[in-house]
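Examining the three-dimensional arrangement
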Amino acid sequence: MVVAIAAAAVAVAIGVRIWWVNETLPKIPLEYYEEGEWVALEGCFHYNSSSEPTQDYSVRVEGVSVMTYDEYMSAYGDRPEEIGRHGDQRSIVCVDLRIRNDGDEQGGFLLIEALLTPARGNEYLQIDIFSEVSLWPYNAGISTAPHTERLVHVPYVVNALDDEAYANPIEDREFTLLVSQMPVRKMIHMTVEDSPSS
């Protein structure tokens, strides 16, 4: 009997401690935006505010489409010799992202951490940057000159290696783009408008 009472007391104490920790942990605010809305980053970042100077940066999703490797390469790529080598699966999610810098300094946005999550939420897509035939042969971050903006067409693929990424057809049509994690987690919701050819 004494053992049972002691065990119950320990269980209650553990439960109270878990509740207290959860209640006193700092909570990261969540902000949701829609495709077409400007999202002011206001210094929000993914990992480190000093290496991700986004104070004067804003981003806006202007469109999203699902395409094949060849379609992306034909429209935006710079290595036409790769066309026809990677299958015909609609495995690329192309996010048309406009990035604006309203400040007087160069600044920068850590684009590689801007993960894309399907609405079902059980996996994520990453920028196609990790192989020799990647569609995004640029840096992990992106910078825009002061008082300018630029439109980039960011290719996302499933989290897989090399050509395996292009072998997985993407059936999802609703996504969320994570543009910052701290001190505010900012996310943009977008929907693919299917074209007659898709």
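Some details on the side chain of His86
Mapped onto the fold, His86 is located in the loop between α2 (69–76) and β4 (92–101). Looking at His86, its side chain comes within polar contact range of the side chain of Glu82, at 2.7 Å. The contacts of His86, once residues within four sequence positions are left out, are Tyr69, Val133, Asp163 and Tyr166.

Things to note about α2
Every α-helix carries 3.6 residues per turn, so stepping three or four residues along brings you back to the same face. Residues of α2 that are buried include every one of Tyr69, Asp70, Tyr72 and Met73, and no others. For α2, the angular spread of buried residues about the axis comes to 165°, placing them on one side. Exposed positions of α2 whose direction lies more than 90 degrees from the buried face are Ser74 and Ala75. Residues of α2 that are buried sit in contact with β3 (57–67), β4 and β7 (148–158).

Details of the packing of aromatic side chains
Each aromatic ring pair is specified by the distance between its two centres and by the angle formed by the two planes. Going through the model one piece at a time under the given rule, you end up with two aromatic pairs. Their ring planes at 70° and their centres at 4.8 Å tell us that Tyr69 and Tyr166 sit as a pair that is edge-to-face. You can see Tyr69 sitting in helix α2 and its partner Tyr166 sitting in the loop between β7 and β8 (174–180), a full 97 residues away along the chain. Judged on exposure class, the residue Tyr69 and its partner Tyr166 are both buried. Lying over the aromatic face of Trp38, Arg100 brings its terminal NZ or CZ to 4.0 Å of the ring centre.

Focus: the side chain of His153
Relative to the assigned elements, His153 resides in strand β7. At 2.7 Å, the side chain of His153 forms a polar contact with the side chain of Asp96.

Side note on the nonpolar core
Residues Val93, Val95, Leu97, Phe109, Tyr156 and Leu177 are the most contacted members of the largest nonpolar core, which totals 45 residues. Contributions of two or more residues to this core are made by β3, α2, β4, β6 (125–127), β7, β8 and β9 (185–191). Ignoring anything within four residues of it in the chain, the contact list for Val95 reads Val61, Gly63, Val64, Leu116, Val152, His153, Val154, Tyr156, Leu177 and Met190.

Remarks on the pattern of salt bridges
Evaluated as defined, the whole model comprises eleven salt bridges. Across the salt bridge formed by Arg90 and Glu71, the nearest N and O atoms sit 3.3 Å from each other. In this pair, Arg90 sits in the loop between α2 and β4 while Glu71 sits in helix α2, placing the two residues 19 residues apart along the sequence. Taking the relative accessible area as the measure of exposure, Glu71 reaches 34% and is therefore partly exposed. Its salt-bridge partner being Asp78, residue Arg79 comes within 3.4 Å of it at the nearest N-O pair. Among the charged side chains, a network of salt bridges with common partners joins Arg60, Glu62, Arg98 and Glu149.

A look at the confidence of the model for the chain
Averaged over every residue, the pLDDT of the chain is 87; the share at 70 or more is 85%. Here helix α1 (residues 2–24) stands out as the least confident element of the chain, with mean pLDDT 58; strand β2 (residues 39–40) is the most confident, with 98.

Observations regarding unusual backbone geometry
Here the residue pair Met182 and Pro183 is connected by a cis peptide bond, since its omega of -15° sits within 30 degrees of zero. Tracing the backbone through its elements, the reader meets Pro183 in the loop between β8 and β9. Of note, Glu42 is a non-glycine position whose phi angle comes to about 55°, a positive value. On the secondary structure map, Glu42 appears in the loop between β2 and β3. Assessed through its relative accessible area of 48%, Glu42 is described here as partly exposed.

What counts as what
- Residues numbered from 1 in each chain as written.
- Predicted model: local features only at pLDDT ≥ 70, side-chain atom pairs only at ≥ 80, totals over all residues.
- Heavy atoms only, no water.
- Helix = DSSP H or I, 4+ residues; strand = E, 2+ residues; numbered from the N terminus.
- Polar contact = N/O pair within 3.5 Å; in protein donor to acceptor, adjacent residues only side chain to side chain.
- Contact = heavy atoms within 4.5 Å.
- Buried < 20%, exposed > 50% of the residue type's maximum accessible area, 1.4 Å probe, protein only.
- Arc of directions from axis to C-beta.
- Phe/Tyr/Trp six-rings, centres within 6.5 Å; stacked < 30°, edge-to-face > 60°.
- Lys NZ or Arg CZ within 6 Å of the ring centre and 35° of its normal.
- Core = buried A, V, L, I, M, F, W, Y, C linked by side-chain atoms within 4.5 Å.
- Salt bridge = Lys/Arg side-chain N within 4 Å of Asp/Glu carboxyl O.
- pLDDT = per-residue confidence, 0-100.

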